[in-house]
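Notes for the structure review
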Amino acid sequence: MPETSENPTVPSPLPWQAEQWQRLGAQWRAGRCPHALLFSGQPGLGKRRFAEAFAALVLCEHPRDGLACGDCRGCRLWRAGSHPDFLRVEPEKPGGPLKVEQIRQLGGFVGRTSGREGARVVWLAPAEAMNVNAANALLKNLEEPATAVIFLLVSDSPSGLLPTIRSRCQSVAFPAPSEEAALRWLHEGGLDGQSARSALVLSGGAPLLALELVEPEAREAREQFLADLVALAQAAEAPVVAAGRWENPGEGIELSQLLKFWQQWLAQMLRARSCDLTADRQVIGLLQRLPGRGTESLRPLFSFSDQLAEARQLLSGGANPNKRLLLEDLLIRWAKLYA
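Rules used throughout
Each residue is numbered by its place in its chain's sequence as written, counting from 1. Where totals are concerned, whole chains, interfaces and linings use all residues; where local detail is concerned, this predicted model gives features only for residues with pLDDT of at least 70, and gives and counts side-chain atom pairs only at 80 or more. Side-chain figures throughout are based on the complete set of non-hydrogen atoms in the structure, without hydrogens or water. Cavity means a closed set of points on a 1 Å grid over the protein atoms alone, one where a 1.4 Å probe fits but cannot get out, pocket means an open set with protein on both sides within 12 Å along at least 5 of 7 lines, and lining means a residue has an atom within 4 Å of a point. Grid points are joined across faces, edges and corners, and a volume is the space filled by probe spheres set on the points. Here a helix means four or more residues in a row that DSSP labels H or I, a strand means two or more in a row labelled E, and each is numbered from the N terminus. All amino acids are sorted into three groups, where Ala, Val, Leu, Ile, Met, Phe, Trp, Tyr, Cys and Pro are nonpolar, Asp, Glu, Lys and Arg are charged, and the leftover types, Gly among them, are polar. Residue contacts follow a heavy-atom distance rule, with two residues in contact if any of their heavy atoms lie within 4.5 Å. Think of it in three bands: with a 1.4 Å probe and only protein chains considered, a residue is buried below 20% of the maximum accessible area for its type, exposed above 50%, and partly exposed in between. Any Lys or Arg side-chain nitrogen located within 4 Å of an Asp or Glu carboxyl oxygen qualifies as a salt bridge. Only the stretch in contact is used when fitting a helix axis, every axis being a line fitted to C-alpha atoms; angles between N-to-C directions are given from 0 to 180 degrees. Roughly parallel covers angles under 35 degrees, roughly antiparallel covers those over 145, roughly perpendicular covers 65 to 115, and oblique covers all other angles. The hand of a helix crossing depends on one turn: near helix anticlockwise from the far one by less than a right angle means left-handed, and clockwise means right-handed. At least two DSSP bridges between two strands are required for those strands to pair.

This part takes up empty space enclosed by the protein. Evaluation of the coordinates by the stated rule reveals one cavity of 30 Å³ or more. As for the largest cavity, its lining consists of Gln20, Arg23, Leu24, Gln27, Gln170 and Val172. Of all the elements in the fold, those that place two or more residues in the lining of the largest cavity are helix H1 (18–29) and strand E5 (170–173). Here the element with the most residues in the lining of the largest cavity is H1; it accounts for four residues. Considered class by class, the residues forming the lining of the largest cavity number two nonpolar, three polar and one charged.

What follows is the structure in structure tokens.
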């Protein structure tokens, strides 16, 4: 993966993050950095890397060219994961919630004085993984900010945060880069032309996610999930059995991402109905198998796409839904489309 820093052990902003980095860096150098920042945008745009880079800059003792130097004592401690003024808060297991106990432990960190007379940094992601109790515990810290403490909240779905939390943060939005910029970065990372373009389409324009999706495990999971949807449409698979298999998709891919692929396949079906035959042959087969003719046969697809969107919102919020039951419900509804 291409780096923009000469020292690969120190994170740096990605090429399409230059505007956000320049603006935030200027605030930091001028001593006007907000006490809480909310980095938001779709998955796979490098928000976490940006937050890491900014944390490293704040903790660096001798920044160079607007980046952490990578050589000072602060940078060495940060790289070793032992900097006393840096606290990382994330779920205990991937896809899990941020628990109220984790947020309450912030009190001890933000309440003490920095040993180096500098800022302390709390890095928290994904912010939307907090339930209401955890969010309220964080809100107390944001309402009465301690001196020289900077909260870096990273979120794929900021709408899942309490409005009172969003209002106390300066929002830093990360839109998807242009296709040209994304493909250039992917090519520099070793992904060839057609593979890069296909992966970028699947990722919704998110370059880091595109790189993940070309990994063998992720590609195999995506292809198998589509094959299982075809089997359900053919009544050759039981929804409950399929739900048990996909409740935890495995390394390299999450359930929310599978649902996003599902939405993209629905979109391909709708486009194919309008004589766009660029869709995957299995996707076209799903369209042709739908009962009914004309636009009437497509109305259930629009409704089902809305249900997928609601399910993804539940997964990205702090409600921590039962994934097995959520997936069973979706797969049963999908099978009924073809009954």
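Right, let's get into the layout of surface pockets. Approximately 1700 Å³ is the volume found for the largest pocket. Lining the largest pocket are 50 residues, and of these Arg48, Gly95, Pro126, Asp156 and Glu254 lie nearest its centre. Put simply, the parts of the chain that give the lining of the largest pocket at least two residues each are helix H2 (47–59), helix H10 (207–213), helix H13 (255–273) and helix H15 (299–316). Sort the elements by how many residues they give to the lining of the largest pocket and H10 lands first, with five residues. Residues that form the lining of the largest pocket fall into these classes: 19 nonpolar, 17 polar and 14 charged.

Checked against the element boundaries, aspartate 280 lands in the loop between H13 and helix H14 (281–289). Aside from chain neighbours lying at most four places away, what touches aspartate 280 is Leu226 and Gln268.

Note: most peptide bonds trans; most residues except glycine with negative phi. A cis amide bond links alanine 125 to the next residue, proline 126, at an omega of -10°. Here proline 126 lies in the loop between strand E3 (120–124) and helix H6 (132–143). Even without being glycine, alanine 148 reaches a positive phi, approximately 60°. Its location among the elements puts alanine 148 in the loop between H6 and strand E4 (149–155). Located in the positive-phi region is alanine 235, a residue other than glycine, with phi close to 60°. If you trace the backbone, alanine 235 turns up in the loop between helix H11 (216–233) and helix H12 (239–246). Assessed through its relative accessible area of 70%, alanine 235 is described here as exposed.

Attention shifts here to the pattern of salt bridges. Close approach of charged atoms lets side chains of opposite charge pair. Throughout the structure, instances matching the rule amount to 15 salt bridges. We note a salt bridge from aspartate 156 to arginine 48, for which the minimum N-O separation is 3.7 Å. You can see aspartate 156 sitting in the loop between E4 and helix H7 (163–166) and its partner arginine 48 sitting in helix H2, a full 108 residues away along the chain. The partly exposed category is assigned to aspartate 156, whose relative accessible area is 25%. Residues joined by salt bridges that share partners form a network here, namely Lys47, Arg48 and Asp156.

The next subject is the packing of H11 against H14. The N-to-C vectors of H11 and H14 enclose an angle of 20°; their axes lie 10 Å apart at closest approach. Looking at the two axes, H11 sits roughly parallel to H14. Once H11 is placed against H14, the crossing between them reads as left-handed. Between H11 and H14, the residues in contact are Leu226, Ala227, Leu229, Val230 and Ala233 and Gln282, Val283, Leu286 and Arg289, respectively.

One way to put it is that H1 packs onto H2 with a least axis distance of 12 Å and a crossing angle of 25°. Between H1 and H2, the angle falls in the class roughly parallel. Crossing of H1 over H2 shows right-handed handedness. On H2, the residues touching Gln20, Trp21, Leu24 and Trp28 of H1 are Phe50, Ala53, Phe54, Leu57 and Val58. Class assignment for the residues of the contact of H1 with H2 results in eight nonpolar, one polar and no charged.

With respect to topology, five strands assemble into an open sheet ordered E2-E3-E4-E1-E5, the strand pairing being parallel. Strand pairing shows two members of the sheet lacking a second neighbour, strand E2 (86–89) and E5, which therefore form its edges. On average, each strand axis in the sheet is tilted by 15° relative to the strand beside it, whichever way the strands run. Note that strand E1 (residues 36–40) and E5 share four bridges and pair parallel. Looking at the pairing, leucine 38 lines up with serine 171 of E5. This element, H6, spans E1, E3 and E4 of the sheet and lies at about 140° to E4.

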